[in-house]
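Here's the letter readout for the chains.
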Amino acid sequence: PMGGLMASTRAFASVSVGSVGHSHRRAGASAAKPAASRVAHARWSAKAAYSETGDVTARGAGSGRARRPGSRSGLHVVALTQVGATIPAALTLASLVKYSAAGGLGGLVSHTPSVPLDVIKTKLQTQPEKYKGMDMWQIGTEIARTEGIGSIFTGAGTTAVGFTLHGVFKYSGFEALKFMTFKHGAGYKAGDAIAVFSQDHRIQTLLFAGAMAELFATLILCPLEQTKIKMISDPNYADGWVSGVKRLIQEEGVEGIVSTLPVIWTKTIPYTMFQLATYDVTSSALRSWANGLPFEPPSIALQLPAALLAAVIASLASQPGDTLMSTFNGECPDGAEECPGFEFVEDEELDEDGMMKPKRRGLLETAMGLGPGGLMLGWKERLAHTALIVVIQLTVYDDIKRALFR
């Protein structure tokens, strides 16, 4: 079944780009052609294109006449518009700018509205004893009561700026790496080793592309995410994101910020790998399935289930890293006797009140101290948070990309 799914995915990817510019159409045929005939032709074209070339930019079958713009086919064909169904036909500066714009806007509109959920989740992870036994609504109410209603939106500035820039590099990098692997050198048809491997190992290639894109995108996000977590865990850390970043640089230095990259990567790399690969494979399969329908379903009907599945898998895969990042970058409140990620050593110097100063633990030591249950702390709250982000982000990215490449 998996082999059939992969073949279907590759075949659909092949025809989805090529069909926009070239399509078999008998002379005199029109858009009024019966739906069943269009579906049958689309299926034949997909098989012919894949068996003939095996490449994602395969030519349309038959006469090769251009399809009239806007005409309807059995395939849900939109060139370069679906992250789950196409490989870029070409990689130019203009196309990279369009991917960057779509990714940046997708990151902005998906992450910013979810800030309150992120605040609740981070508070639970950094102060588990204080909020033990409370649900999301109770935690949010307690935060608003003790810290003010505005505290629910703490870190909105860092989130907006950070994830706009993050989306720019994440999606443009992912699309570029898809092109450089699936269409490497002379391409699949010419037997290029990398292109052949990519086609034959589609899921692994997509996971690799997501990981590499996120590796570099996180470099931009890192200081802003650190600042956000510190502002949430300590309400007095800074008045705004600009002053927060300045304080972070002054106190941690560039070396200190860079040293936390491995912690952040434990969250962001699994998240992006499984988010984009799951969406790519699932949406391709759904569009292939939709070819057999006597009508063309709306894009959202195919995007939504794929995005929801991507959200669940990405959230669970990256949950341990998310807990580690919150714990490792959180602050230990004054007077606290126990803090996740910290230890109180008797031979350490005392603070002004004669209390032992907490000493931050290493990454591996923190993970072992939290244990499996501790690493999954807040997964329900984060799942709601992640589902909101992923569904909005992927659908917005798809739709903006469609508009830009139209």
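Reading the values: rules and limits
- Residues numbered from 1 in each chain as written.
- Predicted model: local features only at pLDDT ≥ 70, side-chain atom pairs only at ≥ 80, totals over all residues.
- Heavy atoms only, no water.
- Helix = DSSP H or I, 4+ residues; strand = E, 2+ residues; numbered from the N terminus.
- Contact = heavy atoms within 4.5 Å.
- Areas by Shrake-Rupley, 256 points an atom, 1.4 Å probe, with all protein chains shown as cover.
- Axes fitted to C-alpha atoms, helices over the stretch in contact; angles between N-to-C directions.
- Parallel < 35°, antiparallel > 145°, perpendicular 65-115°, else oblique.
- Nonpolar A, V, L, I, M, F, W, Y, C, P; charged D, E, K, R; others polar.
- Phe/Tyr/Trp six-rings, centres within 6.5 Å; stacked < 30°, edge-to-face > 60°.
- Buried < 20%, exposed > 50% of the residue type's maximum accessible area, 1.4 Å probe, protein only.
- Lys NZ or Arg CZ within 6 Å of the ring centre and 35° of its normal.
- Patch = residues over 30% accessible without salt bridge, like charges linked within 9 Å, V, L, I, M, F, W, Y side chains within 5 Å.
- Salt bridge = Lys/Arg side-chain N within 4 Å of Asp/Glu carboxyl O.
- Core = buried A, V, L, I, M, F, W, Y, C linked by side-chain atoms within 4.5 Å.

*Asks:* How should I be thinking about the overall build of the protein in this particular structure?
*Replies:* Scanning the protein for helices and strands turns up 13 helices and two strands. Here the contacts in the protein between residues at least 6 apart in sequence split such that 78% fall between residues at least 24 apart. Accessible surface for the protein amounts to roughly 18100 Å². Of this, 64% is attributable to carbon and sulfur atoms.

*Asks:* Can you help me understand the packing of helix α4 (residues 115-126) against helix α5 (residues 136-147) in this one?
*Replies:* Relative placement of two packed helices is described by the angle separating their axes and the distance separating the axes. Where α4 meets α5, the axes come as close as 10 Å, and the angle between the chain directions of the two elements is 90°. On the basis of the axis angle, α4 is roughly perpendicular to α5. Every residue of α5 that contacts α4 at Leu117, Val119, Ile120, Lys123 and Leu124 is listed here: Met136, Ile139, Gly140, Ile143 and Glu147. Taken together, the residues that form the contact of α4 with α5 break down as seven nonpolar, one polar and two charged.

*Asks:* What exactly am I supposed to notice about the packing of aromatic side chains here?
*Replies:* Centre-to-centre distance and the angle between the planes together describe a pair of aromatic rings. Enumeration over the complete set of coordinates arrives at two aromatic pairs. Measuring from ring centre to ring centre gives 5.1 Å for Tyr99 and Phe405, while their planes differ by 40°; the resulting arrangement is tilted. Note that Tyr99 is positioned in helix α3 (residues 93-111) and Phe405 in helix α13 (residues 379-405), a separation of 306 residues in sequence. Phe405 matches Tyr99 in its accessibility class, with the two residues each being buried. Above the face of the Phe405 ring, Lys98 is positioned so that its terminal group lies 5.1 Å from the ring centre.

*Asks:* Explain a nonpolar patch on the surface here, please?
*Replies:* The grouping of Phe274, Leu309, Val312, Ile313, Leu316 and Trp379 at the surface amounts to a nonpolar patch, some 450 Å² of accessible area in total. The class of Leu316 is partly exposed, set by a relative accessible area of 37%.

*Asks:* Can you help me understand the nonpolar core in this one?
*Replies:* Here is a general trend for soluble globular proteins: nonpolar side chains tend to be buried in one another's company. Counting 30 residues, the largest nonpolar core has Phe174, Leu206, Tyr279, Val390 and Leu394 as the members making the most contacts within it. When contributions to this core are tallied by element, the ones reaching two or more residues are α3, α6 (156-182), α8 (202-233), α10 (261-290), α11 (299-329) and α13. Grouped together as the second largest cluster of nonpolar side chains are twelve residues, Ala238, Leu248, Ile257 and Val263 included.

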